[in-house]
Every structure is written in structure tokens, then in C-alpha cells.
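The residues making up each chain are set out below.
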Amino acid sequence: MATEHAEQTAQWTKKDLLGLRHLTPEEITLVLHTAASFRDISLRPIKKVPALRGKTIVNLFFEPSTRTRTSFELAAKRLSADIVNIAAAGSSLSKGETVLDTVRNLEAMKVDVLVVRHAAAGVPHLIAQHAASSVINAGDGAHEHPTQALLDLFTMHEKKGRVTGLQVSIIGDIAHSRVARSNIWGLTKLGARVTLCGPPTLIPPHVEQLGQGGVRVTHQLEEAIRGADVLMLLRIQHERQEAQLVPSLREFRLHYGITRERLASAKPDVLIMHPGPVNRGVELDSDVADGPYSVILDQVTNGLAVRMAVLYLVSGASRGDHEAAD
Amino acid sequence: MKLLIKGGHVVDPANRRDGRTDILIDRGKIVDVHASILADGAKTIDASGKLVTPGFVDLHTHLREPGREDKETIETGARAALRGGFTTVCAMPNTTPAIDQRGTVDLVHREAERLGLVTVKVVGAITRGRAGNELTDFAELFDAGCVALSDDGSAVANGFLMRRALEYAKLFGRPLIQHAEEPTLFANGVMNEGLVSTTLGLRGIPGESESVMVARDIALAELTGGWVHVAHLSSAKSVEMIRQAKRRDVRVTAEVTPHHLALTEEAIGEFDTRAKVNPPLRAEEDRQALIEGLRDGTIDCIATDHAPHTDWEKEADFDSAPFGISGLETALGVCAHTLIAPKLLTWPQLIERLAVNPARIAGIEAGTLNIGAWADVAIIDPNATWTVEPKHFSSKGRHTPFAGRQLPAAVVTALHHGAEAGR
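Our subject in this report is the structure included herewith. (Residues numbered from 1 in each chain as written. Chains lettered and ligands numbered in written order. Predicted model: local features only at pLDDT ≥ 70, side-chain atom pairs only at ≥ 80, totals over all residues. Heavy atoms only, no water.)

### Notes on the nonpolar core
Alright, step 1. Among the nonpolar cores identified, the biggest contains 76 residues, and W347(B) and L350(B) are the most heavily contacted of them.
Alright, step 2. At six residues, the largest contribution of residues to this core is made by helix α12 (residues 331-340) of chain B.
Alright, step 3. Membership of the second largest hydrophobic core comes to 68 residues, among which are L23(A), V113(A), L187(A) and V295(A). (Core = buried A, V, L, I, M, F, W, Y, C linked by side-chain atoms within 4.5 Å. Buried < 20%, exposed > 50% of the residue type's maximum accessible area, 1.4 Å probe, protein only. Helix = DSSP H or I, 4+ residues; strand = E, 2+ residues; numbered from the N terminus.)

### Considerations on the pairing of strand β6 (residues 193-197) of chain A
Remember that side chains alternate between the two faces of the sheet whenever the strand is regular.
All names here are of chain A.
Alright, step 1. Counting buried positions over the five residues of β6 gives four, a clear majority of the element.
Alright, step 2. Examined bridge by bridge, strand β5 (residues 167-171) and β6 share five bridges and lie parallel to one another. Note that in β6 the partner of S169 across the bridge is T195.
Alright, step 3. Handedness of the β-α-β unit built from β5, helix α6 (residues 178-189) and β6 comes out right-handed. (Pairing = 2+ DSSP bridges. Right-handed = clockwise from strand over helix to strand, strands pointing away.)

### Looking at the sheet that holds strand β10 (residues 176-178) of chain B
All names here are of chain B.
Alright, step 1. Read across the sheet, eight strands follow the order β6-β7-β8-β9-β10-β13-β14-β15 without closing on themselves; strand pairing throughout is parallel. Edge positions in the sheet fall to β6 (56-61) and β15 (301-302), since each of these pairs with one other strand and no more.
Alright, step 2. Examined bridge by bridge, strand β9 (residues 148-150) and β10 share two bridges and lie parallel to one another. Note on β10: the bridge partner recorded for S150 is I177.

### Points about the interface of chain B and chain A
Alright, step 1. Across the boundary between the two partners, chain B contributes 17 residues, which contact 26 residues of chain A.
Alright, step 2. When the buried area of chain B at its contact with chain A is split by residue, T198(B), T199(B) and E270(B) rank highest and sum to 33% of it.
Alright, step 3. Where chain B packs against chain A, one counts one salt bridge.
Alright, step 4. For R21(A), the salt bridge is made with E270(B), and the minimal N-O distance between the two is 3.0 Å.
Alright, step 5. Connecting chain B to chain A are four residue pairs in polar contact (both at pLDDT 80 or more).
Alright, step 6. No other element matches helix α6 (residues 195-200) of chain B, which puts four residues into the side of chain B that touches chain A.
Alright, step 7. Tallied by class, the residues present in the side of chain B that touches chain A amount to seven nonpolar, five polar and five charged. (Contact = heavy atoms within 4.5 Å. Buried area = accessible area lost by both parts, 1.4 Å probe. Salt bridge = Lys/Arg side-chain N within 4 Å of Asp/Glu carboxyl O. Polar contact = N/O pair within 3.5 Å; in protein donor to acceptor, adjacent residues only side chain to side chain. Nonpolar A, V, L, I, M, F, W, Y, C, P; charged D, E, K, R; others polar.)

### Focus: the packing of helix α8 (residues 236-247) of chain B against helix α10 (residues 284-296) of chain B
Residue and element names in this part refer to chain B.
Alright, step 1. Orientation of α8 relative to α10, taken along the N-to-C sense of each, is 25°, at an axis distance of 8 Å. Taken together, the axes of α8 and α10 are roughly parallel relative to one another. Between α8 and α10 lies a crossing whose hand is left-handed. Where α8 abuts α10, its residues A236, V239 and R243 lie against E285, D286, A289, L290, E292, G293 and D296.
Alright, step 2. Grouping the constituent residues of the contact of α8 with α10 by class yields four nonpolar, one polar and five charged. (Axes fitted to C-alpha atoms, helices over the stretch in contact; angles between N-to-C directions. Parallel < 35°, antiparallel > 145°, perpendicular 65-115°, else oblique. Left-handed = near helix turned anticlockwise from the far one by under 90°.)

This is how it looks when you write it as C-alpha cells:
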């Protein structure tokens, strides 16, 4: 992968990956570079390297997720790590055990990496403060989803050859989106320009001040589409309608849904991205989601490589050396 | 046995004393206040270099007993109060069960009297079970000794009920303490709505959730002639509304906590639940407005909102952790740091807001060093610096955003009814 930041000299020194807000551009680029070296493993007949043999990784998912959990599981397996999936539906507090009780029990079984997904923002941070194991944030509330943003950056770089200077429009429910926040940090750190678009009810206060160099907010979809290299759509959930944040999903589609007609004003080489699962006919029409501009499935493929890189890097940091991938 | 506090600098705003004065105490009461007192056989406390002030009065303390003695008991809360210089605390009614009838008020009073550590006054509930539906028996509660009524922890959201409560409370001349929070605007938020909540992805609580309720209650106080006391103010808009209401002679008083005077939402950092309080820590402009409101008398007094919790509850994710911090033992240091050191208030002005005014609002004889009054006294070393070490707190609540901070002005000792408590 081409280098925009001096990843050759960057070293991964962090125990955890909690978000992109506190990563340097060099660290982000190091992950992307490492992911590039892992991508081909999944294309081989024998999709496995011994990089993390003997390591134990726990997928600790307090919130249901199929694709992220599967992606981490496959990533771990392709690096020869042992992985355990724990789906703690709902809050463990409801069963009388705190999150930290759960973590202390797991640590007593001598695990190496905890991949944590939780509906509450900050849970991976809480765990990381108390755990000796490395913690990877697999999505915490509306806070961050760093591996999703990294795979988005990876995909943009793969398709456009660069991230610096790209104009990326993130459209939809910004207020409740961890994907948007991580992307804002990641994209602006790598020199992309970010436009956020959605109705005022779905744009959080002072969001213009996030990211390095800030971001632009528009409530007009046409402005977000015009000149954009990437349109990143976010899922609109039915709960938002119940909370009166949008009057109806139909109205949302009328004003903010990406239809083929609306793409007429887009750049001819625009990329359509979506973290999934797609709400077809709401934020994205089917013919766009499955159309020639869509790189949604490439994102999924790249997610595996990025998660292999992240697992590898945090494991390497925890044992204090940096072996070659294979 | 007589006790002589000798050589201290007495700050007693109610009596306009601010200078070197001796105080003689006999059988728990102040019997003489003079420049130089000679008392043969009296035990002497050398207070030279120290400030001698009335014991502080906290209008807003959560003692958790009955019901959550794992968080705090009347005894641990009272010991924490003394260490903070408070000789009177007003216990809030959001216990389990709520303090909404005479039996529970009596229970708290009996336990406090048995301990004899500090004076504990009770704030009874406005509505049964604090459920917001039916008024409690106000006459019975005031007759049992309640100094005010409040559903603190939540607001009386029903405007009709609050109107009737304010009207009915006029019979007793006592305030209703409102936890000003419009619940639908609060919307299960966990911190101030602003850049920090957006950055952390946490649900925000707009300042308007408070100011809308303050506006309503000012209107209702104006309508009824009743007395509303606004608890723990946090927003600049609320301060301005109260300032305007006071100019119109509306019966409204207000308090602010030391942490809202000292900190902003930035204190949350990376999900630090030790800064999770309700109302939330807000923006710098709000903090400045609170300080100005306290200076110009819009805000009458400082109250701690001491809200102890267990470790396992606070060491949780930010959404799940309860609101509230331990405040009694840090109040003076935080106020000295925030108000005295930058010369925003003088010592007499601070003592007025920590002792005189809250006693006036509670309608109790405290907050002064009057001859004949109970000898409730705080002795303060204004030149000390100390480090906040929660593990040494007397309170069971060990959570404070000031942990590890160096603060000025230490409470050396506090006397309740003339009895000395070691610090």
C-alpha cells in the first residue's frame, strides 16, 4: 500500500485499540499497511498463518452482532489464535454481575485479547483500565467503531489510491453513529474532507468541531452529493422514528435516501459505502446498493484483513515484540 | 467542662465579626465572645493562625439511611460532615423507603440524636413515595421536624400538583426544594449536551431541561406566593431567570454545589464516572454564571449534594453508573480553591454562603456564633494545602472528581454542641 504517512517508522506501542480519536496518522497508516500484508492470506487455498498461535482471544459481545463478531472470529482463526465467543445479551448488570466481574473472570482464565462490543459508550475503556489483556473496541454505543472506520479507510485507499484530499460525505443518523465518529477522526487525520448530512434531529451539537480541521455540516443532500468522492450511508433505525427524530422512514427516504436519480449529480467515479446492514429502500435503494458504484461487499472483505492486522498489532504490543506476519 | 478557643481569627458574618477573638464554651453553648478571654480551668484550643467560623450547614445531603446502608449510614455521613466542617446536615428523602411520613422522619432523628455527632435535619418528600402523584401529609411532616420538602432525585413534573403543593406549603412558611429537571427534556441523558457528549457518544442533557423547569416554578411561585428553593443550579439561563424573579420579589431561593462551581463537562475526560452528577457539569460559561450568581446573591448558598455510592456501582460504564459524588469532605477545599484563592469571595462572604444563608433557608438556629447558641464551630487552617485522598474519607462514598487534587484550606476540627471531633 502506498504511504501517505511515514508508516515505515511507526511502531504499534498501544496495549489496546479503543478508538481512532487517540491514534496518530502514522498509527492509522501502520494498521492499514499491516492489513494490506494480511489481505492475500484470505485468497490462498490454505487461509491460515501461525502469527498468533497460542494466543487466546475472546469475542465479548454484550450487544448482538453477526458480521463484526464473525469478522473478528475469522480474522483470529486465520492467524491461528484460539477464539471464544461470549454473547452476553443485554446488560450483565441485570443478572447481578458487573461488566468488570465478567472481565475479571475471563482474565482469571488467562486470555490475551478481549474484543468488546457494548451498547454503552465507554465500556471498552472501562475494561481496558482494569484488564491486563489487550482490549479491542468492536463498537461501543454511539462512541466509536474503530475497526469499521479502518476498513472504510482501507477500502477508500484501495479504490482511490489515496485518502488525503478525498471528499467524503457521511449521510444519515450521525448523532447515534459510532461509525460516523470513528470515520470523522480517521478521515480528517489522514487529510480527507468530511461533510455530514442529515436532518437537524440526527446531527449532534458542535459536531463541526470534531476531527482535525473540523467537518462541514449540511442538511441538503444535494450539497453532500455534489463533488463527493465517497458517499457513506448510515443505517436509519426504526427507533429513531419512534423517538420522533424523523417523522417517518418514508419521509427520510424522500429527503435523504440515495436513489439512482439522485446519483446523476454525483461524480462519475463516486463510491457508495455502507457499514451494513443496509436498510434497503430507506437510506439506500436496492439498485444503488447493488449497483456499479457500490463497494459494500469490498468493505466486508477488507474488514477481515483490517481485523487481522489489529489483532496482530495489539497482540504484538502485549508481548513486546513485532514479528513478521508470515 | 468549659472550652476556650483562643487566638483564632473569628469569621462570623451574622454578627459582623472578622478578626482575632476568643470564644468561651460551657456545656455545649457559647457563653462569651471577646477579644481576650481568660478562663481558669477551661480546656483551651489554640486557634492562632486559624479561622474560627460557625459550623457549616448543608441543605442537601444524601445519607442513604434507611435502605441503602451499603452506600452510607447516618453515622458515616455524620462523620464525613464533621470532617468537612459541617455541623448541621439536611437529609434528603430519596431513601428506601422514601422519607414521606412521620415514622421515617422520627427514625432518622432518633439515630442522629443517638450518635450525637452532628445535627441532622430532615427534608421530607413532597409526594408519597416520591412518585409524583399524591401530596404527602405536609402538616405531619413539618410537625415531625422537617425543615423543607422535596422529591429530590427527581422533579415534581406535574405542574398542577406543584401548584397545589406550593399553595398548601404556605400554611407552614417552609420551602419546597425542587430538583429542577423537565423529565422529557432530560430524556435519559447522562451528561451535559455539548461537544463532549458528542465526542464521547453519550446522551446529552440540555441546560434547558433545568431552565424550563426553573421558569415553570418561578411562574408557579409567582402565582401562588409559595416558596420554591431550587436545588443544585447548573445552567447560566437558570441563574438569570432567578435573578430576574428575585427583582420581582418572587419567593425563590437557590443553591449551587462546589463541584458545579469548580468543574465543567471536561472533567468527564474519558468516561470518568466520578464526574457523573445530576444535574450534569456544564460548560465554562455556565460555571462562570454560577460563580457570578453566588457573588451577587442570586444564588443564596452552597450545598454539597453529597451523594455517596458504592464502588461496584460507580465502577461501571458511564450509562449505568449512578449520578452523584461524595461532597462533604471536599466542599471547603473546593470552595477555597475556586472562590477564595482567585479572590472572587472573601472568607466572610464564603462563610455566609456555607453557614448563615443555608441556616436561614432551613429556618434553624445555626450558622452563627451568637452568645447562647449551640457551639457549632469549624476551625480552619486557611494556609494549609492538602491532597484529596478518598480512601481516607469518613464517608462510604469514595468517588470524587477531585481525587488526587491539591486543595487549600483544611478543616482542622469541628465542634458540634461544643464537642470536638478530631480530623
